[in-house]
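Observations on the three-dimensional arrangement
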Amino acid sequence: MTYTARDEWEQHYGEGKGWRRLGKREQQLLAEHTPVPEGGGRALDVGCGTGELAAHLARVGYTVDAVDLTDSAIARAREEHADVEGVRWLQLDIERDDPAPLHEEGYDLITLRLVYPFVRDRGRTVHGLGERLRDGGALVVITPIVENTPEERRGIALDEDEIALLGTGWQTVERLDADGLTFLVLHGPCHLDTRAVEKRPTTGHALTGALAVVTDSAGRVLLGRSRRGMLELPGGKTTGPEDFAAAAVRELAEETGLVADPTDAHLVTMLVDDSHGVPRLTAVVRITAWTGTLANPEPKLFDRWEFYDLHALACVGDVFAPAALAIDAVWPGILPGLPPATSYPIAADQPPVPGEPAEAARLRASMTQMVIDGGWAPSERVQEALRTVPRHRFAPEANPLAAYDGGDRAVITRRDKAGTAISSVSAAWLQADMIEHLGLEPGAVVFEAGSGGYNAELIAHVTGPGGRVVTVDIDPWVVRRTRRFLTEAGSGRVTAVEADAALGAPARLVPRGGFDASLITYNCWDIAPAWREQLAEGGRLVLPLEMGGYTRAVTFERRGQVLHARHFTYCGFVRDQGQQARTIPVLSFLDGGLTLRFEHGTATDTTGLEEALRGPRHEVSTGVTMGANAYFASLQLYAATTLSGFCRLAAHQEPDEDVTGIAKDRDAPAIVGDASLAYLIHVQTKDGDSPQDKEWEWTVHAFGEQGPALAERLVTTVLAWDRHVRADDNDKHADPVLTVHPAGTPDDALPAGDVLDKDLCRLVFRWPGRDVPPPRSVEHPGADVVTEGV
């Protein structure tokens, strides 16, 4: 007897049936190998049935979550163990339901008694349970084995191959006997790095085949554990004049029992590589719909078939190389370390493929509400976009909890060789804020620089069926990934283009009169002329602009050749990789303990500064204080845009109070003079038990002969900021009036204000209370220095 449906289990327990009673030997082994941690522990009993094991664990000191997929089992457990305290009875399908009811901080013990043989997706389920174990915790599987089970009942037992597979990926596996039941104690779930592996050498002159990529209603991909000890996709060789899509459909049915219509089989790409020196051509076929019940018609070739979470594929062990390459063709980036292959994408009209885990909708709703509560998404259309667009499908390597983090965390999707993030899915609140400030109307046509797919789909949802988005990225890997994710889960209203986004969109894609709005999704040191020129009159451009190394998402509105700032949002993004990428001049002092970064692009002469830093330090208090959680980023921007000789002083060692007092790996606003330096830090002046009792004061430190004079300039700057820019409400700090003019605009054609010159434009800042006469450039005299690429 092997139940496969929930109603069969409901009937089993509803008729008063049960299972083998918990034996004394099992209790002894539990006490010996999984003792209750000091102070009490937390246990999860999966497939608790009528609750005998859960009640036992509670009696010995565990706090227990007991789950079963059937209402009838949970009802009987509550009734039969009504006197037992410390058990939370939960009706939950551990394989398919949203795991939200489970304890967020994990478990010291997880048990599966007489349950594991009935689990369909065993690898995925055990991996997920292992993720919920606390440090030092154990997973205990108690199960019949085939050799001790009558032939007619072997469906409820495990054979030796299954037991071996169960222990794969754990640091230690103890196998014990409990009166004929196998008692497995697994410690230390460890992720097996995924490897693309080959089968034995072939005798053919060339190989051709088709692989079927199939997902279930939760978006999980179907893989088979072959007798060769690796995971494989359904597939095989073509027969006679059979086309690749038909071959994939046929192999799917022969190997798994699932049935697909050839019209739902879409050729994605052709992969070219070799197997032991023999040329190999593999067709990757995406199956978008299927029917039937998953089975294993070819047990001589496969141990079993099951569906795997995409985010877990990086740690599943050995995968047949063509299957690994095929998965990467559909979801680029989720499998690391793949062997080389050439891909020839097919321009097929594949429809979107539905499917997401039960928890995704809940997490998406929670993320959306967090963004709304923060005030970042006031409009109904942006709110609805956040609720609707499946963010996790544009970051499939991240688990849903990480993908739907509603805080400041971005999902990093690509790093360079040095480990620096170069592509990501940005924090949801920031994406919502930037889209809100585009001021989009239904039917708008929007340009996006920097691709990924999710942000573009949010925009497409906001602009509606009549809208269109053109997204451009310089990285071919990012563009390939974006196109695939848009195909899998997009609206069809986004066009992804491989090009340097600083050059704008290809002319054929620019609407007559220009884009209604443009959004840049990476840090920009400069503003490309194409972004202004391709923007409609009155259209909005939102971009993360670096000013003195401090980034703000600035909303600009085009008026002729001038961009007028309308809003500032504090933010940070990955840096530009195109023609606008900058090298920032960096000077090192005190044996590398300090560096000066000249974020405006040109370094000041620092002759004699090393000697000055080894001399006495001059200190001046500003009298300007702040409490905990005070916002002072406006001071940084104010200093960076009003002070000549501005730079940033960074410390790379533990603070030396006799030198800078700057914490390691932090920096401070600074200005440089003739063999002199002054910089601004905040020094704690009051301490207390609560944050409200603590206080800091802005203080200037200076070195060199001109240090006192430079210090007074910084003090004056802080006092002016405190008087005219700062507000008690962190959200009410004053922003400057900022206009952006084309490079080459003469001074007499600029408005009054502090001018910050870039290569491609001139920025003019007018801060409240700052009376600046006719335009003047902020001076940054040149010097020969070592530069640091960014």
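Now for a quick tour of the structure. (Residues numbered from 1 in each chain as written. Predicted model: local features only at pLDDT ≥ 70, side-chain atom pairs only at ≥ 80, totals over all residues. Heavy atoms only, no water.)

1. With respect to the nonpolar core
Definition in use: Note on terminology: a nonpolar core comprises buried Ala, Val, Leu, Ile, Met, Phe, Trp, Tyr and Cys residues joined through side-chain atoms within 4.5 Å. For each residue, the accessible area found with a 1.4 Å probe, counting protein chains only, is set against the maximum for its type, and the residue is called buried under 20%, exposed over 50%, and partly exposed in between. Strands are runs of DSSP state E lasting at least 2 residues, helices are runs of H or I lasting at least 4, and numbering of each runs from the N terminus. Throughout, a contact is declared for two residues whenever any of their heavy atoms are within 4.5 Å.
Grouped together as the largest cluster of nonpolar side chains are 74 residues, with contacts concentrated most on V221, L233, L313, W331, L386 and L440. Ranked by the residues each element gives to this core, the list is headed by helix 8 (residues 321-330), at 7 residues. Apart from the residues lying within four places of it in its own chain, the contact partners of L233 are L211, A212, V213, V221, L222, L223, E255, W305, A323, A326 and I327.

2. Structural notes on helix 10 (residues 380-388)
Put simply, the rule is: By construction, the arc corresponds to the directions joining the helix axis to the C-beta atoms.
Here helix 10 has its buried residues at V382, Q383, A385 and L386. All buried residues of helix 10 lie within an arc of 160° about the axis, which places them on one face of the element.

3. Here's the deal with the packing of aromatic side chains
Stated precisely, the cut-off is as follows: Note on aromatic contacts: the rings of Phe and Tyr and the six-membered ring of Trp form a pair at centre separations within 6.5 Å, being stacked when their planes are under 30 degrees apart, edge-to-face when over 60 apart, and tilted otherwise.
Summed over the entire model, instances satisfying the criterion amount to 16 aromatic pairs. Ring geometry for F302 and W305: centres 4.5 Å apart, planes at 40°, overall tilted. Among the residues examined, F302 registers a relative accessible area of 3% and is labelled buried. Using a relative accessible area of 4% as the deciding quantity, one classes W305 as buried. Look at Y522 and W531: their rings are 6.4 Å apart centre to centre, the planes differ by 65°, and that puts the pair in the edge-to-face class. Each member of the pair, Y522 as well as W531, is classed as buried. Aromatic rings pair up to connect W9, Y13, W19 and F118 into one cluster.

4. Notes on unusual backbone geometry
Backbone geometry at L114 places phi at a positive 60°, although glycine is not the residue there. With a phi close to 50°, A675 is a non-glycine residue in the positive phi region. Topologically, A675 is positioned in the loop between strand 31 (667-673) and strand 32 (676-686). Since its relative accessible area comes to 22%, A675 is described here as partly exposed.

5. Here's the deal with the pattern of salt bridges
To keep things clear, this is the line we draw: Salt bridge, as used here: a side-chain nitrogen of Lys or Arg that lies within 4 Å of a carboxyl oxygen of Asp or Glu.
All chains considered together, the criterion is met by 48 salt bridges. Among the ionic pairs, E95 bridges to R96, the shortest N-O distance being 3.9 Å. Here E95 falls in the buried class, since its relative accessible area comes to 7%. The class for R96 is partly exposed, based on a relative accessible area of 37%. With its nearest N and O atoms 2.7 Å apart, the salt bridge here joins E488 to R484. You can see E488 and its partner R484 sitting in helix 14 (residues 476-489), 4 residues apart, about one turn around the helix. Each member of the pair, E488 together with R484, is buried.

6. Concerning the packing of helix 9 (residues 358-373) against helix 10
As a reminder, the rule being used: Under this scheme, a helix contributes an axis fitted over its contacting stretch, all axes are lines through C-alpha atoms, and angles between N-to-C directions fall in the 0 to 180 degree range. By the definition adopted for this analysis, an angle is roughly parallel if under 35 degrees, roughly antiparallel if over 145, roughly perpendicular if from 65 to 115, and oblique otherwise. Should the near helix be turned anticlockwise from the far one by less than a right angle, the crossing is termed left-handed; should it be turned clockwise, right-handed. Polar here means any residue outside two lists: the nonpolar Ala, Val, Leu, Ile, Met, Phe, Trp, Tyr, Cys and Pro, and the charged Asp, Glu, Lys and Arg; Gly therefore counts as polar.
Where helix 9 contacts helix 10, the axes come no closer than 8 Å and their chain directions differ by 155°. What the angle tells us is that helix 9 and helix 10 run roughly antiparallel. Note that helix 9 runs across helix 10; the crossing there is right-handed. Contacts between helix 9 and helix 10 pair R364, M367, T368, V371 and I372 from the former with Q383, L386, R387 and T388 from the latter. Residue composition of the contact of helix 9 with helix 10, by class: 4 nonpolar, 3 polar and 2 charged.

7. Some thoughts on the pairing of strand 20 (residues 445-449)
Definition in use: Should DSSP find at least two bridges between two strands, the strands are taken to pair. Handedness of a crossover: with both strands directed away from the viewer, a clockwise path from the first strand across the helix to the second marks it as right-handed.
Within strand 20, 5 of the 5 residues are buried, which leaves it mostly tucked inside the rest of the structure. Across 5 bridges, the pairing between strand 20 and strand 21 (residues 468-473) is parallel. In the strand pairing of strand 21, V445 is matched with R468. Crossover connection from strand 20 via helix 13 (residues 454-463) to parallel strand 21: handedness right-handed.

8. Comments concerning the packing of helix 10 against helix 13
The contact between helix 10 and helix 13 brings their axes to 9 Å, and the two run at 130°. Between helix 10 and helix 13, the crossing angle belongs to the class labelled oblique. The hand of the helix 10/helix 13 crossing is right-handed. Together, R381, V382, E384, A385, L386 and T388 of helix 10 and Y454, L458, H461 and V462 of helix 13 make up the contact between the two elements. In terms of residue class, the contact of helix 10 with helix 13 is made up of 6 nonpolar, 2 polar and 2 charged.

9. Details of the sheet that holds strand 3 (residues 87-91)
Spatially, 3-2-1-4-5-7-6 is the arrangement adopted by the 7 strands of the open sheet, whose pairing is mixed. On the outer flanks of this sheet lie strand 3 and strand 6 (170-178), each paired with one strand and no other. Pairs of neighbouring strands in the sheet enclose a mean axial angle of 15°, with direction left out of account. Looking at chain direction, strand 6 and strand 7 (residues 181-189) are connected through 8 bridges and run antiparallel.

10. Details of the side chain of T463
Just so we agree on the cut-off: Here a polar contact is taken to be a pair of N or O atoms separated by no more than 3.5 Å, where protein atoms must pair a possible hydrogen donor with a possible acceptor and residues adjacent in sequence count only if both atoms sit in side chains.
Relative to the helices and strands, T463 is located in helix 13. Here A460 takes part through its backbone oxygen, which lies 3.2 Å from a polar atom of the side chain of T463. If sequence neighbours within four positions are ignored, T463 has contacts with L440, E441, P442, G443, A444, V446 and R468.

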